Structure formats: structure tokens, C-alpha cells
Amino acid sequence: MEILGYIAALIAAIAFAVLVIYLAKTLKAASRTLNDVASTLEGVEKQMQGITSETAELLSKTNHLAEDIGEKAQKLNTLVDGIEGIGDTVQSLNNSIRNVSNKVALSAEQHTEQTGQVLKWGSVILDLWKKKKQNEANEGASVPAVQPTEQPLPVKETSH
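These numbers were taken from a predicted model, which means no experiment stands behind them. (Residues numbered from 1 in each chain as written. Predicted model: local features only at pLDDT ≥ 70, side-chain atom pairs only at ≥ 80, totals over all residues. Heavy atoms only, no water.)

Undergrad: Would you mind showing me how to read the overall build of the chain here?
TA: Within the chain, the secondary structure is distributed over 2 helices and 0 strands. Surface summary for the chain: the accessible area is close to 14,200 Å², and the carbon and sulfur share equals 65%. (Helix = DSSP H or I, 4+ residues; strand = E, 2+ residues; numbered from the N terminus. Areas by Shrake-Rupley, 256 points an atom, 1.4 Å probe, with all protein chains shown as cover.)

See below:
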């Protein structure tokens, strides 16, 4: 029976040795896997550092761009306000010109008869002055003068 104890111990030792060998192989494979994972994580960490620095730089540029856009928007608001003021001034000028034009037209309508009288008298005075000049020229040259036959133009009178 003792031999059976030795054989059982030998079988147990062999089984333990086989178990240890397979366990060692498994641990070596796990170790290689963990080493690969560690190197992969190192690569990811380096990439993350690069991404982080690029993100920080991009954020800085974005902030600078946002400030620049804000400044330009403020300048544009000032320009729009100026253009609005010019528009108001032009509108006011148009209204003033319209008012003056209306007043001139109204005054012309109100004084149409007087204007016609002035034109008639002006035409008569002009004819008299031409006759006088012609008479003076005729007296100096002893040539009979030709009398102008111009009549003043009739003025169209309008009713109010």
C-alpha cells in the first residue's frame, strides 16, 4: 500500500507540475497581453496629449476670433447708426425741398395775374426802348425807320 501512496503522490506531483506549467503559460500570455495594453495606453496617452494641446490652441484661436468678430460687429453697428442718420438727414432735406417747392408753386398760382401784368408792361417798355433806339439811329442816318410790329404775348390767366 505504500506503493499506492507513492504512486498517488507521484500522480499528484505530475498533475501539480502540469497545472503549474499551464498556469505559467497562461500568466506569460496574460503578461504579454498586459504589456501590449500598457504600450497601447502609452500611445493613446501621447495622442491624447497631442489632441489636448491642439484643442487648447484651437480654443485660443476661437476665443481670439470671437473677440475680433465682436469688435467688428461693434464697428458695423456704428456704421449702421451713421447710415441711419444720413438717411434721416436726406429724408429731412427731401421734405424741406418739397415744402419750398410747394410754397413756390402756391405763390406762383396766387400771383399769376400780377406776373402777367409785369410781363405785359415789360414787353411794352422793351418795344418803346427799341423804337427810341431806332429813332435815334434814323435821325443820325436820315433813313426812315422801320417800326416793329411785335405785340406782347397774351398771358394766360388761371382762376383760383
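Undergrad: How do you make sense of the UniProt feature "transmembrane region" (unreviewed entry) in the chain when you look at a structure like this?
TA: The residues that UniProt annotates with the feature "transmembrane region" (unreviewed entry) are residues 6-24. Along residues 6-24, the helical share is 100% and the strand share 0%, with 26 Å between the first and last C-alpha atoms. (UniProt positions renumbered as here; feature names shortened; annotations may be inferred.)

Undergrad: Please explain the pattern of salt bridges as it appears in this structure.
TA: If charged atoms from side chains of opposite charge come close, those side chains can pair. In total, this model carries 2 salt bridges according to the counting rule given. The salt bridge partner of E57 is K61, with a shortest N-O separation of 3.4 Å. You can see E57 and its partner K61 sitting in helix α1 (residues 2-110), 4 residues apart, about one turn around the helix. (Salt bridge = Lys/Arg side-chain N within 4 Å of Asp/Glu carboxyl O.)

Undergrad: Can you walk me through a nonpolar patch on the surface in this structure?
TA: Together, M1, I3, L4, I7 and I11 give the surface a local cluster of nonpolar side chains, amounting to about 590 Å² of exposed area. Topologically, M1 is positioned in the segment before α1. (Patch = residues over 30% accessible without salt bridge, like charges linked within 9 Å, V, L, I, M, F, W, Y side chains within 5 Å.)

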